Amino acid sequence: MRTTIRGGHLIDPYNKIDGLQDLYLAEGRVVAIGSAPDGFRAEQEIDAQDQIVCPGLIDLQARLREPGQEQKGTIATETLAAAKGGITTLCCPPDTLAIIDTPAVVDLIAHREAQYQRTRILPLGALTQGLQGLQLAEMGILREAGCVGVSNGLMPIANSQVMRQAMEYAATLGITLFLYSRDPWLGIEGCCHEGIVSARLGLAGIPETAETVSLARDLLLIEQTGVQAHFCHLSSARAVRMVREAQTEGLPISADVTAYHLHLTEHDIGEFDSQCHVIPPLRSLRDRDALHEGLRDGTFSAICSDHQPHEFDAKLGAFPITEPGISGLETLLPLSLRLTQDDTLTLAEVIAYLTCQPAQVLGIEGGHLAPGQRADICIFDPHCHWIFKPEEMASQGRNTPFGGWEFQGRVTYTLLEGRVVFAAADETP
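In this text, all values refer to a predicted model and were calculated from it rather than measured experimentally.

**Student:** Talk me through the overall build of the chain; I want residue IDs and the actual numbers.
**Tutor:** Scanning the chain from terminus to terminus reveals 11 helices and 21 strands. Taken against the 2.2 N^0.38 rule, which gives 22 Å for 429 residues, the C-alpha radius of gyration of the chain at 21 Å falls within 12% of a compact globule. Viewed in the frame of its principal axes, the chain has a C-alpha envelope of about 65 × 50 × 40 Å. Every one of the 429 residues in the chain was classed for burial, and the buried ones make up 58%. Sequence-distant contacts in the chain: of pairs separated by 6 or more residues, those separated by 24 or more amount to 75%. Of the roughly 16,800 Å² of accessible surface on the chain, a fraction of 49% belongs to carbon and sulfur atoms. Once the 31 positive and 55 negative side-chain charges of the chain are each reduced to a mean point, those two points are 1 Å apart.

Laid out in structure tokens, this is it:
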């Protein structure tokens, strides 16, 4: 369908566009910006006056739960939540219950993606067979099947020789390695940051060193092997400093931070609020400020949701036995936009952290809207003030600590290859 998006403020950081521009789409692609091409007749027109038009968001970490944990979420429900949040591309880690270590699981995800056609799903393949950290997975076969990188998910690889071999193999194949820095022993029984709050509540803590000891080992192995690596959801000030120094030395690494770690700290646990039980844990105010600084100076390449939907019962019970994770697809954009309100980032910088920069981490075409590019588009009203209500979430998992928060900026349209996959006006009040 030929579509005109008229009157919007187009922000495309990759192409350095920031101003009022009309956008013209045809056959799923951007065909022109500013002025219509000769003979162009729109079959559909979207009024974007007083709204921001930007590339569709790209989320580097989103667990869709299917296959294997459909009681928590399905590809149907979570891609709907993604579309509602302006997200057009999701990167899915391999730690589903049917682990993504064979082409058959990759094909299953692709089939379900095609069935609903709301969001593009890019899987990460398993780094080791069954994520057990013992034998390397068939990375080359997984890449041919459609995986954009490899990872061991949240399962640490304790054996440094296995990690070295995995890095050497990935480097030989030119595959990006996605790493979660988590020592398998430090804080093994912990459930929150080791600090004043854990001491006050009597909870077993997870020290900063659980992140930085693992990070230090992996940085040394990256230097030795030359593998392209991406560090997922860093949470501590020292980890940010270590990555910054390694980047200065020329190591081929990037890193992301979750939207919720940019706003919450250990103090938000309050009196055992299980909605704030996450891994890595919410850390100190000093750590949160360092994460902001990592965004300002470019240490980070992306802001992600780290979406982990859970059924209601998973967050019941004593804090340590509840399941960690936040359902974050629908709060990724509004939480990121809050960074413009305290002058941490400009609006164009926020959009870059959600579009072109994660696309570069994944090594994919996308994240911008030059003529000829896929018409993956997010349109949002930056002036809309609204209250976030968990009961109105599209995600099957409504586990969030942000219920009742007031946000500014709300998605009105999401387009995937030129098709409207979400329109706020179509939602039932």
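Having seen the structure, we can now continue with the description.
**Student:** Any details on helix H8 (residues 285-296)? Residues and values, ideally.
**Tutor:** Over its 12 residues, H8 runs 17 Å from end to end, which matches the ideal 16 Å to within 8%, given 1.5 Å per residue. Listed as buried for H8 are Asp287, Ala290, Leu291, His292, Gly294 and Leu295. Residues of H8 that are buried sit in contact with strand E14 (192-193), helix H7 (237-248), strand E17 (253-258), strand E18 (302-304), helix H9 (332-341) and helix H10 (347-354). Phi turns positive, to about 85 degrees, at Gly298, one or two residues after H8.

**Student:** Mind laying out the environment of Ile321, listing which residues take part and the relevant values?
**Tutor:** Considering the arrangement of structural elements, one finds Ile321 in the loop between E18 and H9. Judged by relative accessible area, Ile321 falls into the exposed class, the value being 65%. Measuring from C-alpha to C-alpha, the distance between Ile321 and Arg419 comes to 43 Å, with 98 residues separating the pair along the chain.

**Student:** Please set out the sheet that holds strand E10 (residues 120-123) residue by residue, giving values where relevant.
**Tutor:** On the basis of which strands lie adjacent, the open sheet formed by 3 strands has the order E8-E9-E10 and parallel pairing. With one partner strand each, in any of the chains shown, strand E8 (57-59) and E10 form the two edges of the open sheet. Between one strand and the next, the sheet's axes are offset by a mean angle of 15 degrees, whatever the strand orientation. For E8 and strand E9 (residues 87-92), the ladder comprises 3 bridges, and the chain directions are parallel. By the bridge assignment, Leu57 is partnered in E9 with Ile87.

What counts as what
Residues numbered from 1 in each chain as written. Predicted model: local features only at pLDDT ≥ 70, side-chain atom pairs only at ≥ 80, totals over all residues. Heavy atoms only, no water. Helix = DSSP H or I, 4+ residues; strand = E, 2+ residues; numbered from the N terminus. Rg over C-alpha atoms; globule rule 2.2 N^0.38 Å. Buried < 20%, exposed > 50% of the residue type's maximum accessible area, 1.4 Å probe, protein only. Contact = heavy atoms within 4.5 Å. Areas by Shrake-Rupley, 256 points an atom, 1.4 Å probe, with all protein chains shown as cover. Lys, Arg positive; Asp, Glu negative; His and termini not counted. Charge placed at Lys NZ, Arg CZ, Asp CG, Glu CD. Expected span 1.5 Å × (residues − 1). Pairing = 2+ DSSP bridges. Axes fitted to C-alpha atoms, helices over the stretch in contact; angles between N-to-C directions.

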